[in-house]
Amino acid sequence: MCGIVGILGVNSEFIEKASSAIKHRGPDDSGVYLDSKSKIGLGHRRLSIIDTSPLGHQPMFSNDRKVVIVFNGEIYNFRELRAQLEEKGYIFHGNSDTEVLLNLYLLEGKAMLSKLNGIFAFAIWDANSESLFVARDALGVKPLYYFEKEGIFTFASEIKALLELTHIDKELDIEAINRYLAFLWCPGKETPLISVKKLLPGEALIVEKGKIKEK
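Residues numbered from 1 in each chain as written. Predicted model: local features only at pLDDT ≥ 70, side-chain atom pairs only at ≥ 80, totals over all residues. Heavy atoms only, no water.

**Q** Describe in detail the overall build of the chain, supporting the description with residues and values.
**A** Along its length, the chain carries 5 helices and 12 strands. Expressed as lengths along the three principal axes of its C-alpha atoms, the size of the chain is roughly 55 × 40 × 35 Å. With 215 residues in all, the chain has 50% of them scored as buried. Put simply, of all contacts in the chain between residues at least 6 apart along the chain, 55% involve residues at least 24 apart. (Helix = DSSP H or I, 4+ residues; strand = E, 2+ residues; numbered from the N terminus. Buried < 20%, exposed > 50% of the residue type's maximum accessible area, 1.4 Å probe, protein only. Contact = heavy atoms within 4.5 Å.)

Below, the structure is given as C-alpha cells:
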C-alpha cells in the first residue's frame, strides 16, 4: 500500500506534514509537488513493489511536466496497456504501473477508467486544463477521503492526513459512527466527521479552482 494527499485552491506549506501523517503506508520513499501559482499541492508515500528503482518515484510527471500523478494501488493489466501505448508512440522510462496510468491519461483523459483492471486511488493534476482528476477503483479497495469548502478541495488516503492540510470542522457524524459500530464499516460516503466524505467505489471527480465541477 501507498499513501496520497493533496490540496487545491490554497497554498499550503503543510503537504509534507500531511504526508508524514501517513508515513506508515509507504516507508520506502516520499515526494511532494507544490505549485503556488496554480495553488496545487500533492504528496506521496511509497511502498515500492512493481518498480523499486527511483524511476518509480512519485509524484510522477509527464515529459513536459504539465501533468503530474500520485497513485496508490496496483493496475493488473498495466503490461498490456503499456504495449498498446508503446504502439502509439509513447515512450517509457521505467517499469511502473504509475507511468502507464500517466501516459494513458495523456491519451484517453477521463475515458481511461474503462481500460483499468486493478485496485487504485489516484489524483492527476493537469496544468493544461487547470483541473484535478481524482478516481477510485470500482470495488473501493483503496481508500480516498475528501473535504470541499469555500474553494478549497483536499484529499487523502486517511482522514488524519486531511486534518493537517487545512481547517476542517471536527463535528462528529453520530449516525455514521453508529453504522460503523453496527457493521464494522460505514456504508455510503459518510465518515465519522460530517465535513469529510469518502470517494465512493467507482467514483471519479473533476475539480477546478477548489470546487467539484463533475462527478
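**Q** Which residues make up the pairing of strand E6 (residues 118-126), and what values do they have?
**A** By the criterion of burial, E6 is predominantly enclosed, with 9 of the 9 residues buried. Side chains Gly118, Phe120, Phe122, Ile124 and Asp126 project from E6 onto one buried face, and the interleaved Ile119, Ala121, Ala123 and Trp125 project onto a second face that is buried too. As paired strands, strand E5 (residues 67-75) and E6 are joined by 9 bridges and run antiparallel to one another. Following the sheet pairing, Asn72 is matched in E6 by Ala121. Across 6 bridges, the pairing between E6 and strand E7 (residues 131-136) is antiparallel. From the neighbouring strand, Ala123 faces E7, where its bridge partner is Val134. In textbook terms, the turn of a hairpin is the stretch between consecutive antiparallel strands, and for E6 and E7 this stretch comprises 4 residues, one of which, Glu130, has a positive phi near 50°. (Pairing = 2+ DSSP bridges.)

**Q** Describe a nonpolar patch on the surface, with residues and values.
**A** Side chains of Tyr180, Leu181, Phe183 and Trp185 sit close together on the surface and give an oily, nonpolar patch of about 510 Å² of accessible area. You can see Trp185 is positioned in the loop between helix H5 (174-183) and strand E10 (197-198). (Patch = residues over 30% accessible without salt bridge, like charges linked within 9 Å, V, L, I, M, F, W, Y side chains within 5 Å. Areas by Shrake-Rupley, 256 points an atom, 1.4 Å probe, with all protein chains shown as cover. Salt bridge = Lys/Arg side-chain N within 4 Å of Asp/Glu carboxyl O.)

**Q** Describe the sheet that holds strand E8 (residues 145-149), with residues and values.
**A** Pairing between the strands of a sheet is mediated by backbone hydrogen bonds and can be parallel or antiparallel. Strand order in the open sheet made by the 6 strands is E2-E3-E1-E9-E8-E10, with antiparallel pairing throughout. Because the sheet does not close on itself, it has two edges, and the strands there are strand E2 (29-35) and E10. Pairing analysis gives 4 bridges linking strand E1 (residues 3-8) to strand E9 (residues 152-156), with the strands arranged antiparallel. Among the inter-strand pairings, Leu8 is bridged to a residue of E9, identified as Phe153.

**Q** So what about unusual backbone geometry? Which residues, and what values?
**A** Here Gln58 and Pro59 are connected by a cis peptide whose omega angle stands at 0°. Note on placement: Pro59 falls in the loop between strand E3 (40-46) and strand E4 (60-61). Of note, Arg65 is a non-glycine position whose phi angle comes to about 60°, a positive value. Within the secondary structure layout, Arg65 lies in the loop between E4 and E5. Residue class for Arg65 comes out exposed when judged on its relative accessible area of 54%.

**Q** Mind laying out the nonpolar core, listing which residues take part and the relevant values?
**A** Ranked by size, the top nonpolar core spans 23 residues in total, and within it Met112, Leu116, Phe122 and Phe133 carry the most contacts. Going through the elements one at a time, E5, helix H2 (78-87), helix H3 (97-108), E6, E7 and strand E11 (204-208) are the ones with two or more residues in this core. Sort the elements by how many residues they give to this core and H3 lands first, with 5 residues. For Met112, the contacting residues outside a window of four places in its chain are Leu101, Leu104, Tyr105, Phe122, Ile124 and Phe133. Of all hydrophobic cores here, the second largest spans 19 residues; its members include Tyr33, Leu42, Val134 and Tyr146. (Core = buried A, V, L, I, M, F, W, Y, C linked by side-chain atoms within 4.5 Å.)

**Q** Which residues make up the pattern of salt bridges, and what values go with them?
**A** Scanning the entire structure with this criterion turns up 6 salt bridges. We note a salt bridge from Arg82 to Glu86, for which the minimum N-O separation is 3.2 Å. In this pair, Arg82 and Glu86 are both assigned in helix H2, 4 residues apart and thus about one turn of the helix distant. On the accessibility criterion, Arg82 (16% relative accessible area) is buried.

**Q** Before we move on, can you summarise the pairing of E9 with the specific residues and values?
**A** E9 sits mainly inside the fold: 5 of its 5 residues count as buried. Judged by which residues are buried, E9 turns out to be covered on both faces: Ile152, Thr154 and Ala156 on one side and Phe153 and Phe155 on the other are all buried. Sheet topology places E8 next to E9; 5 bridges connect them, and they run antiparallel. Bridge pairing links Glu148 to Phe153 in E9. Linking two consecutive strands that pair antiparallel, namely E8 and E9, is a turn of 2 residues; a positive phi of about 50° is found at Glu150 within it.

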